[in-house]
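Spelled out, the chains give:
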Amino acid sequence: QVQLVESGGGLVQPGGSLKLSCSASGNLFNFSTMDWYYEVPGKEREQVASITVSGWTNYADSVKGRFTISRDNAKNTVYLQMNSLKPEDTAVYYCHLDGPLGVQYWGQGTRVTVSS
């Protein structure tokens, strides 16, 4: 069983920064691709960024150059550094583990609000 616990969300002004963290329990983290998704009311959950075990990353076009995903395999933790935040980044952000044999887990979500 895996539990993903996100932290770091909050209220920030446009142009500001936040760093989200997601800690994973269990022993799947070092065998899994980790992703961040965001969800706004009325829309489907969308992938923001992804990082493989070896550190290969991928980003949604809307966040390229502003967000950085990273992971610390020794700490079973994945991060999302969000810079130059825009009001349209306001959403609930979810951590996702994409593990071996199709195993998937979701965190409970952390809310990010970008507003002046």
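Here we summarise the structure given alongside this text. Bear in mind the structure is a predicted one, so any value in this text is a computation, not a measurement. (Residues numbered from 1 in each chain as written. Predicted model: local features only at pLDDT ≥ 70, side-chain atom pairs only at ≥ 80, totals over all residues. Heavy atoms only, no water.)

Counting buried positions over the 7 residues of strand E3 (residues 18–24) gives 5, a clear majority of the element. Strand direction decides the pairing type here: strand E1 (residues 4–7) and E3, joined by 4 bridges, are antiparallel. Looking across to E3, one finds that Glu6 is bridged to Cys22. Note that E3 and strand E8 (residues 77–82) share 6 bridges and pair antiparallel. What sits directly across from Ser23, in E8, is Thr77. (Buried < 20%, exposed > 50% of the residue type's maximum accessible area, 1.4 Å probe, protein only. Helix = DSSP H or I, 4+ residues; strand = E, 2+ residues; numbered from the N terminus. Pairing = 2+ DSSP bridges.)

Paired through backbone hydrogen bonds, the strands of a sheet run either parallel or antiparallel to each other. The 4 strands lie next to each other as E1-E3-E8-E7, forming an open sheet whose pairing is antiparallel. Unpaired on one side and paired on the other, E1 and strand E7 (67–72) mark the two borders of the sheet. Between one strand axis and the next, the sheet turns by 15° as a mean value, whatever way the strands run. (Axes fitted to C-alpha atoms, helices over the stretch in contact; angles between N-to-C directions.)

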